[in-house]
Amino acid sequence: MVKKLIFVTLIFIISYFIIFEKKDNNNKIIIGSSLAYSGSPKSWGENVDNAVNAYFNYVNNNNLLNDKQIEFLALDDKYEPSLTYENVKSILDKNILSFFGVVGTPTIRRVMPIFQDNDIPFFSPFSGASFLRDKEFENIINFRASYKQEIENIIDYVVNNKKLSKISIFYQNDEYGEDGYISTLQTMKDENLDLHSAGTYKRNTLSINHAFNEIKNSKPEVVLLIGAYQANSLFIKRAKNDELLKNILFCNISFSDANSIIKDLEDSNIDTSNIIFSNVVPNYNDKTLKIVQEYQNIIQEYGKNKDLGFISFEAFLTSKILVDAISRLDGKYSHKNLINSLKNPPKDLLYEIKLEFKNQQLLNNTYLFEYKNGNFQEILK
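Residues numbered from 1 in each chain as written. Predicted model: local features only at pLDDT ≥ 70, side-chain atom pairs only at ≥ 80, totals over all residues. Heavy atoms only, no water.

Enquirer: Please explain the environment of S34 as it appears in this structure.
Expert: In this fold, S34 is placed in strand β1 (residues 28–35). Remark: the alpha-carbon pair of S34 and Y295, spanning 261 residues in sequence, is separated by 23 Å. Sequence-distant contacts of S34, that is, excluding residues within four places in its chain, are made with L75, D77, T84, N87, V88, V102 and V103. A distance of 2.7 Å separates polar atoms of two side chains, one belonging to S34 and the other to D77. Side chain to side chain, S34 and N87 meet in a polar contact 3.1 Å long. (Helix = DSSP H or I, 4+ residues; strand = E, 2+ residues; numbered from the N terminus. Contact = heavy atoms within 4.5 Å. Polar contact = N/O pair within 3.5 Å; in protein donor to acceptor, adjacent residues only side chain to side chain.)

Enquirer: I would appreciate a short explanation of the sheet that holds strand β6 (residues 167–172) in the present structure.
Expert: Sheets are built from strands paired through backbone hydrogen bonds, the pairs being either parallel or antiparallel. Taken together, the seven strands give an open sheet; going across it, the order is β7-β6-β8-β9-β10-β11-β12, and neighbouring strands pair in mixed fashion. Of all strands in the sheet, those with a lone pairing partner are β7 (197–201) and β12 (375–378), marking the two edges. Going across the sheet, the axis of each strand differs from the next one's by a mean of 25°, ignoring polarity. One ladder, built from five bridges, connects β6 with strand β8 (residues 222–226); its direction is parallel. Looking at the pairing, I169 lines up with L224 of β8. Packed on one face of the sheet, helix α7 (residues 209–217) meets β6, β7 and β8 and runs near 170° to β7. (Pairing = 2+ DSSP bridges. Axes fitted to C-alpha atoms, helices over the stretch in contact; angles between N-to-C directions.)

Enquirer: Sorry if this is basic, but what is going on with the packing of aromatic side chains here?
Expert: Here the distance between the centres and the angle between the planes together describe a pair of aromatic rings. Taken as a whole and judged by the stated rule, the model has 25 aromatic pairs. With a centroid separation of 5.4 Å and an interplanar angle of 55°, the aromatic rings of W44 and F126 are classed as tilted. Placement of the pair is W44 in helix α2 (residues 42–61) and F126 in the loop between β4 (122–123) and β5 (140–141), with a sequence separation of 82 residues. For W44, a relative accessible area of 1% corresponds to the buried category. Exposure remark for F126: the relative accessible area of 0% places this residue in the buried category. Among the aromatic residues, ring-to-ring pairing joins W44, Y79, F126, Y147, Y176 and F255 into one connected group. One Lys or Arg, R110, reaches over the ring of Y85 and ends 4.0 Å from the middle of that ring. A cation over an aromatic ring shows up here: R203 above the ring of Y79, its NZ or CZ 6.0 Å from the ring centre. (Phe/Tyr/Trp six-rings, centres within 6.5 Å; stacked < 30°, edge-to-face > 60°. Buried < 20%, exposed > 50% of the residue type's maximum accessible area, 1.4 Å probe, protein only. Lys NZ or Arg CZ within 6 Å of the ring centre and 35° of its normal.)

Enquirer: Just to check I follow, could you spell out the sheet that holds β5 for this structure?
Expert: Within the open sheet, the five strands sit side by side as β2-β1-β3-β4-β5. Their pairing is parallel. Pairing within the sheet leaves two strands with one partner each, and these edge strands are β2 (69–76) and β5. The pairing of β4 with β5 spans two bridges and is parallel. Paired with F122 across the strands is I140, a residue of β5. Strand contacts of helix α11 (residues 310–327): β1, β2, β3 (98–100) and β4, with the helix running at about 165° to β3, the strand carrying the most contacts.

Enquirer: Explain the nonpolar core here, please?
Expert: Across soluble globular proteins, you tend to see nonpolar side chains buried next to one another. I31, F56, F170 and F313 are the most contacted members of the largest nonpolar core, which has 107 residues in total. Ranked by residues supplied to this core, first place goes to α11 with 11 residues. Residue contacts for F170: discarding those within four places in its chain leaves G199, Y201, I208, A211, I215, V223, L224, L225, I226, A231, N232 and F235. Core analysis: the next-biggest nonpolar cluster, separate from the first, contains 18 residues, I96, I108, M112 and F137 among them. (Core = buried A, V, L, I, M, F, W, Y, C linked by side-chain atoms within 4.5 Å.)

Enquirer: What should I look at first to understand unusual backbone geometry in this one?
Expert: With the exception of glycine, most residues fall at negative phi, and the peptide bonds are largely trans. If you check the backbone angles, D257 has positive phi at about 70° while not being a glycine. Within the element layout of this structure, D257 appears in the loop between β9 (249–252) and α9 (258–267). A residue is classified by how much of its surface remains accessible, and D257, at 3% relative accessible area, is buried. A positive phi angle, near 60°, is found at N274, a position not held by glycine. Along the chain, N274 turns up in the loop between α9 and β10 (275–279).

Enquirer: How should I be thinking about α9 in this particular structure?
Expert: Residue pairs three or four apart in sequence face the same way in an α-helix, which turns once every 3.6 residues. Restricting attention to buried positions, one finds in α9 the residues A258, S260, I261, I262 and L265. Positive phi shows up at N269, right after α9, with a value of about 55°.

Here you go:
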């Protein structure tokens, strides 16, 4: 009798938790990601995590998804493709609605077969790599402009505004750096120029000595840096202390993380002149923009970290687009419906930043900044 009672009680308890879990999951919309919370671009992971969770908390607290709670499930991949693969495979079993904001070209390249095989939405990869713009990948919706567009804008400015032609490239020796290297060669060919010199370093390291010396010995006027912020920052610091290189022009694309580079240089008392930063979003401190005001208010109220920056701003904007796309599904939460919704956002959803899905991405603008008097200032050509 006692054994039977215990058995019945256990069945009741197990049934209760199964029903509770099912009910709890039905109330959740889970969004999956793999980010670098450690490794060379950890600032990317930290800033994306902070901005996404700030916006999702704002959405949940204000019931913007009609009694649904949105949750961001992100695992650390240390910017290592093998870990990204393990993370994405693991998260895929969690009944997620979409992948969102995976950081890094080599890491994303490793998990592309998973996205292809499962037709699950993958929104706003934090990479400007060319392969992500392939029309074959209908379930991938990019937000940002491509690295090639950034590089074209930089070289146009350097050649036609600054009248400089001896352009060298320092790049990470993987899919990210190679994409930037190829885009640079193509763009310089269009300008009837040859690349002056090149140097590479290994991902997740600061082994830049050989690359630095190769570039230094060629006596360039400009160095285009296609790396993670720690490597780029170290290159700039060494160059600023070198008589041959201290006055040349340094140009960084968006993945370099302008905010982290400036912080590192200032902490080391290094001059920040003659440095250009390309970004895919406007100035996050331009309070004349309504979208900037909204971003800053939500980060200040809901962010664990109150720091503002370009990466954080981009992650906030993409979170807003994702939530809006989900809200327009009217409860029909299928992968196909979400893909269609993400590709057709209201054009004025981000107010001054207009959205239109073309070239497999929602944005096509890039911006150049320099850092003066404690602030990023846009370079107007």
